[in-house]
Amino acid sequence: MSTDKKPDFSNVKSSVKSTEEIVEKPDFSNVQSSVQSTEEIIEPDPVEQAYTVEKGDTLSAIAQRFYGKASRWHAIFEANRDQLDDPDRIHPGQVLRIPVLGDDAS
């Protein structure tokens, strides 16, 4: 009979050690952000106005009132071609678009 004794490992202890450095988690609590742009700020296009025709009004008188020159009545007439066929026939109560004119308008 052979008496093979098995080795006794009951008192063997083990441990694992790493050679990696323990690093704490980064702290981002004081991080701030901002946004800046190099985009040029452009003013919005001026808003077209409306005018309700009153008794006795003419396109020239309306142009004088809005543009300072009666000769600019053509701009009002052209902006309202959908409702005006004749610049001499405007009626009280009509609502006319008054376009914004550029600096070079005559």
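What comes next concerns the included structure. (Residues numbered from 1 in each chain as written. Predicted model: local features only at pLDDT ≥ 70, side-chain atom pairs only at ≥ 80, totals over all residues. Heavy atoms only, no water.)

Topic: the packing of aromatic side chains
The full count for this structure, using the stated rule, is two aromatic pairs. Summarising the aromatic geometry, the rings of Tyr 51 and Phe 66 are spaced 5.7 Å apart at their centres and angled 75 degrees between planes, so their arrangement reads as edge-to-face. Placement of the pair is Tyr 51 in strand β1 (residues 49–52) and Phe 66 in helix α1 (residues 59–67), with a sequence separation of 15 residues. Between Trp 73 and Phe 77, the ring centres sit 6.3 Å apart and the planes meet at 55 degrees, which makes this aromatic pair tilted. (Phe/Tyr/Trp six-rings, centres within 6.5 Å; stacked < 30°, edge-to-face > 60°. Helix = DSSP H or I, 4+ residues; strand = E, 2+ residues; numbered from the N terminus.)

Observations regarding the nonpolar core
Counting residues in hydrophobic clusters, the biggest one holds twelve residues: Tyr 51, Val 53, Leu 59, Ile 62, Ala 63, Tyr 67, Ile 76, Phe 77, Leu 84, Ile 90, Leu 96 and Ile 98. Mapped by element, the contributors of at least two residues to this core are α1, α2 (73–79) and β2 (95–98). In terms of residues, this core owes the most to one element, α1, which gives four residues. Those residues within four positions of Val 53 in sequence are excluded, and the remaining contacts are Ile 62, Ile 90, His 91, Pro 92, Gly 93, Gln 94 and Leu 96. (Core = buried A, V, L, I, M, F, W, Y, C linked by side-chain atoms within 4.5 Å. Buried < 20%, exposed > 50% of the residue type's maximum accessible area, 1.4 Å probe, protein only. Contact = heavy atoms within 4.5 Å.)

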